[in-house]
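# An overview of the molecular structure
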Amino acid sequence: LSTTDINSVFSIAAQKYNNYYASNIAAHTGNISNIIPLDSSNNINNNTESTLATGNATDWRAGFYAGVLWETYGYTGNTSLLTDAENMTFAVHSTIASGDHDVGFRTLTTYVQGAQYVGGNFAYTLNGNTDQSYNSRIVQAATFLASRYIPAVGATRSWNNGAPAQTEVIVDNMMNIQLLFQAQKLGAASPISGMSFSDIAIQHARTTFNDF
C-alpha cells in the first residue's frame, strides 16, 4: 500500500469510530463501563455494516476498543478521537487489578497505549471522578499479574482454577507478560521476593518455551 492508501484507510477508520462513539456511547458515559464495544456481529450480505456487541469492563476484550481509538488517534492526529480514547480507557479502571491473566489485555490496550500519547503522569477525569495516573495503573495491573506467578511452576497462572500445583497456563499469557516489562521500565518493585518484573516475565516465557 502507498502512503496515500494507508492515510485513507486510517482516515475512514477515524470517521467510523468517531461516528459510532457519537451515536452509541457519548450520551451514556455515566454508565460507560457497561457499554464497551467488544466484538462485531458481521453481516456481509447486501454490504451491510457490522453491528458491534457491547459488554462490561470485566470482559477480556474490554480494552480493545480503546486500543484502536488510541492507535487511530495517534496515526491521524484526529483530536475528536482523543477524548473517546480517554473515556474508554477510564471505563476499565475498576478491573485493572482483578480477574485473571487477561488484565494484560485490558491494560496494554488502554493505559499503556494511552501513556504513549498523553504521558504516564496523566490522570483523567470523567463525570467528576479522577483516575490514577496512567503509570500508576500500569504498575497496579502488573503487580496483580505478577502476584499470579507460581514459583513451583515457573509461570503466571492464566485462570483461577485448581490448586497452584494444578496451575493452568495458556499460550495467550505470553502476550500479557508484556505488561511486566512495562512495570520494569517504570522502576517498580515486583510482589515476588527475589524476582523483578522482568525476571518473572522471562521465566514465564522460558517455561512456555519448554513445556508448550
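Residues numbered from 1 in each chain as written. Predicted model: local features only at pLDDT ≥ 70, side-chain atom pairs only at ≥ 80, totals over all residues. Heavy atoms only, no water.

## Digging into the overall build of the protein
What counts is decided by this rule: Only DSSP runs of H or I with at least four residues qualify as helices, and only runs of E with at least two residues qualify as strands; both kinds are numbered from the N terminus onward. In this treatment the radius of gyration is a C-alpha quantity, and the globule benchmark scales as 2.2 Å times the residue count to the 0.38 power. Only protein chains enter the calculation, and the probe is 1.4 Å; a residue is then buried if its accessible area is under 20% of its type maximum, exposed if over 50%, and partly exposed in between. Each accessible area is a Shrake-Rupley estimate made with a 1.4 Å probe; only the visible protein chains count as cover when residues are assessed.
The helix and strand tally for the protein stands at eight helices and six strands. Element order for the protein, N to C, with α for helix and β for strand: α-β-β-α-α-α-β-β-α-β-β-α-α-α. In summary, the protein has a C-alpha radius of gyration of 18 Å against a globular reference of 17 Å for 212 residues, a match within 12%. Overall size of the protein, expressed as C-alpha extent along the three principal axes, is 55 × 40 × 35 Å. For the protein, the proportion of its 212 residues judged to be buried stands at 42%. A total of about 10500 Å² of accessible surface is found on the protein, and carbon and sulfur atoms cover 50% of it.

## Let's talk about helix H2 (residues 64-76)
Selection rule: Each helix should span, by expectation, one fewer than its residue count multiplied by 1.5 Å.
In this model H2 runs 18 Å from its N-terminal to its C-terminal C-alpha over 13 residues, within 8% of the 18 Å that 1.5 Å per residue would give. Inspection of H2 places Tyr65, Ala66, Gly67, Leu69, Trp70, Thr72 and Tyr73 among the buried residues, and these make up the whole buried set. Directly after H2, the chain includes Gly77, whose backbone phi takes a positive value near 75°.

## A few points about the pattern of salt bridges
The test is simple: Each salt bridge in this description consists of a side-chain nitrogen of Lys or Arg and a carboxyl oxygen of Asp or Glu lying within 4 Å of one another.
Tallied over the entire structure, the rule returns two salt bridges. The residue Arg61 makes a salt bridge to Asp59 at a minimum N-O spacing of 2.8 Å. For the salt bridge of Arg137 with Asp131, the shortest nitrogen-to-oxygen distance reads 2.8 Å. For Arg137, a relative accessible area of 8% puts it in the buried group. Judged by relative accessible area, which is 6%, Asp131 ranks as buried.

## What about unusual backbone geometry?
We note that Asn127 has phi near 55°; this positive angle belongs to a residue other than glycine. Following the sequence through the fold, Asn127 ends up in the loop between strand E3 (125-126) and strand E4 (129-130).

## Notes on helix H5 (residues 134-146)
With 13 residues, H5 should cover 18 Å at 1.5 Å per step; its first-to-last C-alpha distance of 18 Å lies within 8% of that length. Where H5 is concerned, the buried positions are Tyr134, Arg137, Ile138, Ala141, Ala142, Phe144, Leu145 and Ala146.

## Quick look at the environment of Gly63
To be explicit about the condition: Here a residue-residue contact requires only that any non-hydrogen atoms of the pair lie within 4.5 Å.
Within the fold, Gly63 resides in the loop between strand E2 (51-55) and H2. Accessibility expressed as a relative area gives 0% for Gly63, which makes it buried. Separated by 35 residues in sequence, Gly63 and Ser98 place their C-alpha atoms 14 Å apart. Beyond its immediate stretch of four places on either side in the chain, Gly63 contacts Val92, Arg106, Thr109 and Thr110.

## Digging into the packing of H2 against helix H4 (residues 103-118)
Which entries qualify depends on this criterion: Here, axes are lines fitted to C-alpha atoms. For helices the fit covers the stretch in contact, and angles between N-to-C directions go from 0 to 180 degrees. An angle below 35 degrees is read as roughly parallel, one above 145 as roughly antiparallel, one from 65 to 115 as roughly perpendicular, and any other as oblique. With the far helix as reference, a near helix turned anticlockwise by less than a right angle produces a left-handed crossing, and one turned clockwise produces a right-handed crossing.
Look at H2 against H4: their axes get within 8 Å of each other, and the N-to-C directions meet at 25°. What the angle tells us is that H2 and H4 run roughly parallel. Relative to H4, H2 is oriented so that their crossing is left-handed. Counted together, Phe64, Ala66, Gly67, Trp70, Glu71, Tyr73 and Gly74 of H2 and Phe105, Thr109, Thr110, Gln113, Gly114, Tyr117 and Val118 of H4 form the full contact between these two elements.

## Observations regarding the packing of aromatic side chains
Under the convention used in this document: Only Phe, Tyr and Trp rings are paired, with Trp represented by its six-membered ring, and only when their centres lie within 6.5 Å; those with planes under 30 degrees apart are stacked, over 60 edge-to-face, the remainder tilted.
Tallying each qualifying case throughout the model produces twelve aromatic pairs. With a centroid separation of 6.1 Å and 70° between ring planes, the pair formed by Tyr20 and Tyr65 is classed as edge-to-face. Of this pair, Tyr20 sits in helix H1 (residues 3-24) while Tyr65 sits in helix H2, placing them 45 residues apart in sequence. Judged by relative accessible area, which is 17%, Tyr20 ranks as buried. Seen from their ring centres, Phe122 and Tyr134 are 5.4 Å apart, and the 80° between their planes marks the pair as edge-to-face. One end of the pair, Phe122, is in the loop between H4 and E3; the other, Tyr134, is in helix H5, with twelve residues separating them in the sequence. Note on Phe122: relative accessible area 25%, which makes it partly exposed. The class of Tyr134 is buried, set by a relative accessible area of 1%. An aromatic cluster of at least three residues, connected via ring pairs, comprises Trp70, Tyr73, Tyr111, Tyr117, Phe122, Tyr124 and Tyr134.

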